[in-house]
Amino acid sequence: MTSRSFIYGHTAKVVGAAALVGYSLTAYSPAHAQVTGRLPSAKRISAGMALPEKNTLHAQAELSPDTPPILFGSPYDRSPASLGITRHAPAPVPDTPFIPPSFKDWFDQKTMTGDWAGERIRLQNEGINVFGHYLEDSAGNPVGGRASTVRYAHELALGADVNFAQLTGKNIGIFHVLLTERAGLGIGQQLTTLNSPQEIFGSGETIRFTRLSFERQFGRYVDAEIGWINTENDFAQSSMHWGMNLYCQFETNAICGMPQALASNSGYGYYPTAHPGAYVKIFPFGDERMLVSAGIYNVDPTISNTGYAWKLGLHGTTGVYLPFQIGWHFGGTDTHGALPTNIKFGGYWDTSEVNNVYGQFKGFQPSGVDVGSLPIEKVRGRYGGWFEGDQMLQRDAADPNRSTVAFLSFTWGDPRTAIAPYYITWGIVRKGTFKNRPNDTFSIGGKFNFVNPKLGIYAAALQQQGYGDIYKPSGEHAGEINYGYRPSPWLTLRPGLQYIWHPGGTNRYANALLIDMEMGVTF
């Protein structure tokens, strides 16, 4: 499903842009070139890589920890000082060689490819921001699951944002384009699991449009976008701290991106797929204190298949996905003032006609097993909701750039159709580990995926009637612990461990231990 994203600044789900050592990468472009310091959207570059260039329609001065860039898709996705600003003074073009003079110079620059002898800055001054990333997830299970194996998957992304206000002097809006390529194998298919332990595996291992859209701000209070986009970038998305996507400090797709039950239970459009859609965001106070959002997205269950990667039409549509969300930001910044808190509530209505939950019962059983006459019926319309919250727990007095944040999410789905009507994720992320590692992270988190109890009741009834080889679905729970090592602004290495209870949601396979490694590079 999602992917994710690396970024340095405030936001959610996917591609990034700017700044400090080792901030998370995102898979999206600086979503708001209209906003000072705006970064690409976060979803899914989550390896916590350093962001590509800042949305430098602005000065090249180092970003202040008090005013981190805000990524696309963040529930609080604008800097109060820049709301409504669409043009910026040109940044100074550095006089640097195309090829860095030394390995250290290359390793210290903000992106792997640098500023292209100043050409990248010139383009950004004209309103054109080009970005890209590479992200790989590797994992092996020495014990547990269906069989022991090792799997590798990767994602390459290339995109651009064009700010017409900067380019032409007329505030037409911003054009976004993002292409992603995925390849490799998923270890979740081998274990098996309900949620992929690799955040960037899935959605057809192919090249596809992930974003092709037009976005415009209307003053300080309204932001809108229309085109081929995904829901994950703007609804039930992760908050940002220290310029990093909080959820995507984990390799498992069970946490990274958004609460995965939303995609399992409905037509929620997850990264890197792109669906015809639109949203409107309203900032009632003209700043980040409150955000009200609503959207409409096409529901197409085939869009994630490899053969439909370039599908832009509406054939195959089953309905529309209608999400809404309200969010609040309390407290100060990551480095000053009261410890920040973010809270979001949201819900959706999906108009599609689908099978009730019994249509998914066979997926929990061995192939060919007699499951009786399943009581499958069609249901028109499905619904659900979510809560997300995060709180900075402490901030080091000696260095306010070092701190600890905890998060919690709860997702509820339509009991008639949802395979996971109750789904919880949690985590604690510490930025600043050892004395000389101010930008490294230590993260621990997990998920509780509760399978619809109707399936367990049905399985128990079959067992009582003498049906053989029937497994009772109950749930799949998991935990992850990892260390995010950021030796360069554009490179992140994240070794970790995952443990999965009841792989596949039943007791058919032994609990699994995974050893994993995630690497991200910002181009």
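Residues numbered from 1 in each chain as written. Predicted model: local features only at pLDDT ≥ 70, side-chain atom pairs only at ≥ 80, totals over all residues. Heavy atoms only, no water.

(A) Structural detail: the overall build of the protein chain. Secondary structure assignment for the protein chain yields 6 helices and 18 strands. For the protein chain, the residues scored as buried account for 60% of the 523 residues in total. The contacts in the protein chain between residues at least 6 apart in sequence include a share of 71% that link residues at least 24 apart. (Helix = DSSP H or I, 4+ residues; strand = E, 2+ residues; numbered from the N terminus. Buried < 20%, exposed > 50% of the residue type's maximum accessible area, 1.4 Å probe, protein only. Contact = heavy atoms within 4.5 Å.)

(B) Examining the packing of aromatic side chains more closely. Evaluation of the coordinates by the stated rule reveals 22 aromatic pairs. Seen from their ring centres, Phe 164 and Phe 214 are 6.2 Å apart, and the 35 degrees between their planes marks the pair as tilted. Of this pair, Phe 164 sits in helix H3 (residues 164–168) while Phe 214 sits in strand E4 (residues 207–218), placing them 50 residues apart in sequence. Ring centres 5.0 Å apart and planes at 50 degrees place the aromatic pair Tyr 247 and Phe 407 in the tilted group. With Tyr 247 in the loop between strand E7 (244–245) and helix H5 (261–265) and Phe 407 in strand E13 (residues 403–413), the pair connects residues that are 160 residues apart, well separated along the chain. For Tyr 247, a relative accessible area of 4% puts it in the buried group. Grouping aromatic residues by their ring pairs yields a cluster made of Phe 103, Trp 106, Phe 107 and Trp 490. In this structure, Lys 281 packs its charged tip against the face of Tyr 279, placed 4.8 Å from the ring centre. (Phe/Tyr/Trp six-rings, centres within 6.5 Å; stacked < 30°, edge-to-face > 60°. Lys NZ or Arg CZ within 6 Å of the ring centre and 35° of its normal.)

(C) Structural detail: the state of the cysteines. Following the criterion strictly, the structure yields 1 disulfide and no others. Here Cys 248 connects covalently by a disulfide to Cys 256, the sulfurs 2.1 Å from one another. Judged by the sign of its S-S torsion, about 85 degrees, the cystine formed by Cys 248 and Cys 256 is right-handed. Among the residues examined, Cys 248 registers a relative accessible area of 0% and is labelled buried. (Disulfide = S-S within 2.5 Å.)

(D) Focus on the environment of Glu 377. For Glu 377, the location among the structural elements is in the loop between strand E11 (341–355) and strand E12 (378–395). Residues Glu 377 and Gly 359, 18 residues apart in the sequence, show an inter-C-alpha distance of 8.2 Å. With residues up to four places along the chain from it excluded, the contact list for Glu 377 reads Val 354, Asn 355 and Asn 356.

(E) Seen up close, the pairing of strand E18 (residues 512–522). Here strand E1 (residues 128–143) runs beside E18; their pairing, made up of 9 bridges, is antiparallel. By the bridge assignment, His 133 is partnered in E18 with Thr 522. One ladder, built from 10 bridges, connects strand E17 (residues 491–501) with E18; its direction is antiparallel. If you follow Ile 500 over to E18, its bridge partner there is Ala 512. (Pairing = 2+ DSSP bridges.)

(F) Molecular detail of the environment of Tyr 483. Examined against the element boundaries, Tyr 483 turns out to sit in strand E16 (residues 475–488). Along the backbone, Tyr 483 and Gly 496 are 13 residues apart, and their C-alpha atoms lie at a distance of 6.4 Å. The residues contacting Tyr 483, other than those within four sequence positions of it, are Thr 433, Phe 434, Arg 437, Asp 440, Thr 441, Leu 493, Arg 494 and Pro 495. One polar contact links Tyr 483 to Thr 433, side chain to side chain, over a distance of 2.7 Å. (Polar contact = N/O pair within 3.5 Å; in protein donor to acceptor, adjacent residues only side chain to side chain.)

(G) A look at helix H6 (residues 453–464). For H6, with 12 residues, the first-to-last C-alpha span of 17 Å sits near the 16 Å given by 1.5 Å per residue. Looking at H6, one finds that the buried residues are Leu 455, Gly 456, Tyr 458, Ala 459 and Leu 462. On an axial view of H6, the arc spanned by its buried residues comes to 165 degrees, and they lie on one face. Of the exposed residues in H6, those oriented more than 90 degrees away from the buried face are Ile 457 and Gln 464. Count one or two residues on from H6 and you reach Gly 466, which has phi positive near 95 degrees. (Expected span 1.5 Å × (residues − 1). Arc of directions from axis to C-beta.)

(H) How the structure looks around the nonpolar core. Of all hydrophobic cores here, the largest spans 18 residues; its most connected members are Phe 361, Leu 455, Tyr 458 and Ile 470. Among the elements that make up this core, the one with the highest residue count is H6 (4 residues). Apart from the residues lying within four places of it in its own chain, the contact partners of Leu 455 are Val 357, Tyr 358, Phe 361, Phe 364 and Pro 473. In terms of nonpolar packing, the next biggest core, distinct from the first, is built from 14 residues, Ile 229, Tyr 270, Val 299 and Trp 386 among them. (Core = buried A, V, L, I, M, F, W, Y, C linked by side-chain atoms within 4.5 Å.)

(I) Up close: unusual backbone geometry. Here the amide bond leading from Leu 191 into Thr 192 is cis, since omega sits at -5 degrees, within 30 degrees of zero. For Thr 192, the location among the structural elements is in the loop between helix H4 (187–191) and E4. For the bond from Tyr 271 to Pro 272, the omega torsion is 5 degrees, close enough to zero to count as cis. Counting through the fold element by element, Pro 272 comes out in the loop between H5 and strand E8 (275–282). The phi dihedral of Asp 469 falls on the positive side, at around 60 degrees, and the residue is not glycine. Its place among the elements puts Asp 469 in the loop between H6 and E16.

(J) Main features of the pattern of salt bridges. Within the structure shown, the criterion is met by 15 salt bridges. One salt bridge in this structure joins Asp 414 and Arg 416, with 2.6 Å as the shortest N-O distance. Exposure remark for Asp 414: the relative accessible area of 1% places this residue in the buried category. One continuous salt-bridge network, built from bridges that share partners, spans Arg 211, Glu 215 and Glu 225. (Salt bridge = Lys/Arg side-chain N within 4 Å of Asp/Glu carboxyl O.)

(K) Expanded view of the side chain of Gln 109. With respect to the helices and strands, Gln 109 occurs in the loop between helix H1 (103–108) and helix H2 (119–125). A distance of 2.9 Å separates the side chain of Gln 109 from the backbone oxygen of Met 112, its partner in a polar contact. Leaving out residues up to four positions away in the same chain, Gln 109 has contacts with Pro 100, Gly 114, Ser 488, Pro 489 and Trp 490.

(L) Structural detail: the confidence of the model for the protein chain. Looking at the protein chain as a whole, its pLDDT mean stands at 84, while 84% of the residues score no less than 70. Every residue in residues 2–82 scores below 50 in pLDDT, and together they form 516 contacts with partners more than four places removed in sequence or on other chains. (pLDDT = per-residue confidence, 0-100.)

(M) Highlighting the side chain of Thr 417. Looking at the secondary structure, you find Thr 417 in the loop between E13 and strand E14 (422–431). The buried category is assigned to Thr 417, whose relative accessible area is 4%. Not counting residues up to four positions away in its chain, the partners in contact with Thr 417 are Val 354, Asn 355, Asn 356, Val 357, Gln 360, Val 379 and Arg 382.

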